[in-house]
Amino acid sequence: MKKKLIIFFIVAVGLLIFLLIYLRSAGNAINYFLQETRVVIYSKLSFVGNFISEIKTIKSLTEENIRLKEERQALLVDLAGQEILTEENIFLRESLGLSITPEQRSLVVGVFNLESTPRGHNLLINKGQIDGVKKDDVVISSSGVLIGFIDDISDNHSRIVMVTNLDFKTTIKIISKNTFGIATGAMGDGIHLDFISENDDVAEGDIVVTTGNDTFPPGLIVGKVTEVSSSNDGLFKNVKVKPAVEEINLSRALVLLK
Amino acid sequence: MIRFFIFILILFLENLILPASIGPSQLLVTTIFVSSLLVYGNGWRTLLYQVIPFILITEFFTGENFGHLLTPFGLTGIIYIMINKFIDLNQDLKQGSRSLSNLIPCILILIVFNYIYSGLFILFNTSYELSTSWHEFTIFFKSSSLSLASWSVLISILFQYVLKKK
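Model, not experiment: these values are computed from the prediction.

## So, the overall build of chain A
Helix and strand content of chain A: three helices and 12 strands. Within the span of chain A, comprising 258 residues, buried residues form 40% of the whole. When contacts within chain A are restricted to residue pairs at least 6 apart in sequence, those whose partners lie at least 24 apart make up 55%. Per element, the accessible surface of chain A, about 14,900 Å² overall, is 60% carbon and sulfur.

In structure tokens, the structure reads:
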């Protein structure tokens, strides 16, 4: 019995190595078959998870309802102002002979795996090279929350490095304030903001967005400031941010194609 | 065979069920389970016939490149086996005692094993830059201590009282 088990394991390992190295397409086919099932399972479980977390907040529903209505009203006013600015922008570009910024192409993807490694979290999505996904493509949610960027691609699937991963860095600004810095992933600690000087204006509750001065488009929501303190050297502040990605449904995402 | 099925269940739990239900959190359940196989196993034989295949399956399931998890884990396993040959860390575990005092050394061994694995994983993924690796390891250490300890306790209890051969 033991001999059979040993032989079984040796054959299984040999087959797996053979599949991984020499029959990559067969491996991808098996993965493709499994990944669509996992996308559906992930989506259903996310719904359950969101439902359970909503139940926890049921006591404060009325207060939250009033707060959200006020926030919606303020956002509608901002939206109206933005539309005017967009029209003005297009008019000025045409007047000066500058090209109009083309609309960003995006691809809807399904998440089927969230891997936890000692360097942070990686997501697996069900679209790859065949679908036009490229390395370093930015991944966001439908509501404009930054999820991460594409780190590795195969024919049928790709891996996303999330904003909480230690590999992640982007330039950010605080909304409605003249404060700029660099956001770096800090795993369970969320996101840390670097190069925020003692004189910079930042407070708990501030919304952090991308500046567009690097590979990430501008205006993507990174998170909300949760803690501000002075560092030991007295030059910079220690700022911690709760990633917005922790509050959204991660079963679907958008890949911004280059 | 039962260990294989538990491993598959843990793989789904860590990569699909828990993240979808509770969101992203620091879990190393699969590596803790596989390292438990080594701690409660027979050294080189367990490493070759159980640990390596399970880690390869994990790599395939999570879309990692070949050897990405196997290299740091295999190296940690070899270090553990070498140390075990001199100090005989898991002598009491093999003798079959099911007392609580037998559980604590196992939990500590698992925690240390997984921290060494994590340290090597970070080192190999930061192009062997020691200062960057150390900085990242301190962040990992702060954010994962509770989760690592909790799962080590649970998996030790599973091995000590459920999966242990009588």
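So that's the structure; there's more coming.
## Some points on the overall build of chain B
If you tally the helices and strands in chain B, you get seven helices and zero strands. Ordered by position from the N terminus, the helices and strands of chain B form the series α-α-α-α-α-α-α. Against the globule reference of 15 Å for 166 residues, chain B gives a C-alpha radius of gyration of 16 Å, in line with a compact fold. Dimensions of chain B, computed from C-alpha atoms along their principal axes, come out at roughly 45 × 40 × 30 Å. Looking at chain B as a whole, 53% of its 166 residues qualify as buried. In chain B, 71% of the contacts between residues at least 6 apart in sequence involve partners at least 24 apart. Total accessible area computed for chain B in this model is approximately 7,700 Å², and 71% of it derives from carbon and sulfur atoms.

## Considerations on the interface of chain A and chain B
Contacts between chain A and chain B engage 39 residues on the former and 36 residues on the latter. For the chain A and chain B pair, buried surface summed over both sides reaches about 3,400 Å², with 67% attributable to carbon and sulfur atoms. When residues of chain A are sorted by the area they lose upon contact with chain B, F9(A), P118(A) and R119(A) head the list and together hold 18% of the total. Applying the counting criterion to the chain A and chain B interface returns two salt bridges. Close ionic contact of E64(B) with R159(A) constitutes a salt bridge, the shortest N to O distance being 3.4 Å. If you list the elements that add at least two residues to the side of chain A that touches chain B, you get α1 (2-21), α2 (24-56), β1 (105-117), β2 (120-125) and β5 (158-162) of chain A. The residue inventory of the side of chain A that touches chain B, partitioned by class, reads 21 nonpolar, 11 polar and seven charged.

## Section: helix α6 (residues 100-125) of chain B
Residues lying three or four places apart along an α-helix face the same way, a consequence of the helix completing one turn every 3.6 residues. Compared with the 38 Å implied by 1.5 Å per residue over 26 residues, the 38 Å span of α6(B) between its first and last C-alpha is a close match. Phi turns positive, to about 55°, at S127(B), one or two residues after α6(B).

## Quick look at the sheet that holds β5(A)
All names here are of chain A. In spatial order, the strands read β1-β2-β5-β4-β3-β12; together these six strands close into a barrel with antiparallel pairing. Across the sheet, the mean angle separating the axes of adjacent strands is 40° when strand polarity is ignored. In the sheet, β1 pairs with strand β12 (residues 252-257) via six bridges, with the strands oriented antiparallel. Following the sheet pairing, R105 is matched in β12 by L257.

## Observations concerning the pattern of salt bridges
Side-chain pairing between opposite charges can occur once the charged atoms of the two side chains come close. Counting across every chain of the model gives nine salt bridges over all chains. D189(A) is paired through a salt bridge with K240(A); the nearest N and O atoms lie 3.6 Å apart. Placement of D189(A) in the loop between β7 (180-185) and β8 (191-194) and of K240(A) in strand β11 (residues 237-243) is noted, with a sequence separation of 51 residues between them. Relative accessible area serves as the criterion here: at 34%, D189(A) is assigned to the partly exposed category. Ionic contacts of the salt-bridge type, sharing partners, join the residues R119(A), D167(A) and E136(B) into one network.

## Topic: unusual backbone geometry
Residues and elements named next belong to chain A. Even without a glycine there, the phi angle at D136 is positive, about 70°. In this fold, D136 is placed in the loop between β2 and β3 (138-140). The exposure class of D136 is partly exposed, given its relative accessible area of 37%. Within the chain, S176 stands out as a residue other than glycine whose phi angle is a positive 65°.

## Here's the deal with the environment of T46(B)
By the element assignment, T46(B) lies in helix α3 (residues 44-62). With residues near it in sequence (within four places) discarded, T46(B) still touches L37(B), L38(B), G41(B) and V51(B).

## Examining the environment of N113(A)
Here N113(A) is to be found in strand β1. Separated by 77 residues in sequence, N113(A) and G190(A) place their C-alpha atoms 20 Å apart. Once residues lying within four places of it in the same chain are set aside, the contact partners of N113(A) are R38(A), Y42(A), N122(A), L123(A), L124(A), N15(B), F61(B) and T62(B). In this structure the side chain of N113(A) is engaged in a polar contact, spanning 3.3 Å, whose partner is the side chain of N15(B).

## Some remarks on the pairing of strand β10 (residues 221-230) of chain A
Residue and element names in this part refer to chain A. Pairing of strand β9 (residues 207-210) with β10, which is carried by three bridges, proceeds in the antiparallel orientation. Following the sheet pairing, V209 is matched in β10 by I221. Strand direction decides the pairing type here: β10 and β11, joined by seven bridges, are antiparallel. Bridge assignment links E227 to a residue of β11, and that residue is K240. Counting the residues that bridge the hairpin from β10 to β11 gives six residues, and of these G234 lies at a positive phi of roughly 75°.

## Re the packing of helix α2 (residues 29-39) of chain B against α6(B)
Residues and elements named next belong to chain B. The geometry of α2 relative to α6 is characterised by a closest axis approach of 10 Å and an angle of 120° between their N-to-C directions. Considering their axes alone, α2 and α6 lie oblique with respect to each other. As α2 packs across α6, the resulting crossing turns out to be right-handed. For the pair α2 and α6, the contacting residues are T31, I32, S35, S36, L38 and V39 in the first and C106, I109, L110, F113, N114 and Y117 in the second. Of the residues assigned to the contact of α2 with α6, the class counts are eight nonpolar, four polar and no charged.

Calculation notes
- Residues numbered from 1 in each chain as written.
- Chains lettered and ligands numbered in written order.
- Predicted model: local features only at pLDDT ≥ 70, side-chain atom pairs only at ≥ 80, totals over all residues.
- Heavy atoms only, no water.
- Helix = DSSP H or I, 4+ residues; strand = E, 2+ residues; numbered from the N terminus.
- Buried < 20%, exposed > 50% of the residue type's maximum accessible area, 1.4 Å probe, protein only.
- Contact = heavy atoms within 4.5 Å.
- Areas by Shrake-Rupley, 256 points an atom, 1.4 Å probe, with all protein chains shown as cover.
- Rg over C-alpha atoms; globule rule 2.2 N^0.38 Å.
- Buried area = accessible area lost by both parts, 1.4 Å probe.
- Salt bridge = Lys/Arg side-chain N within 4 Å of Asp/Glu carboxyl O.
- Nonpolar A, V, L, I, M, F, W, Y, C, P; charged D, E, K, R; others polar.
- Expected span 1.5 Å × (residues − 1).
- Pairing = 2+ DSSP bridges.
- Axes fitted to C-alpha atoms, helices over the stretch in contact; angles between N-to-C directions.
- Polar contact = N/O pair within 3.5 Å; in protein donor to acceptor, adjacent residues only side chain to side chain.
- Parallel < 35°, antiparallel > 145°, perpendicular 65-115°, else oblique.
- Left-handed = near helix turned anticlockwise from the far one by under 90°.

Nothing here speaks to function; it is all geometry.
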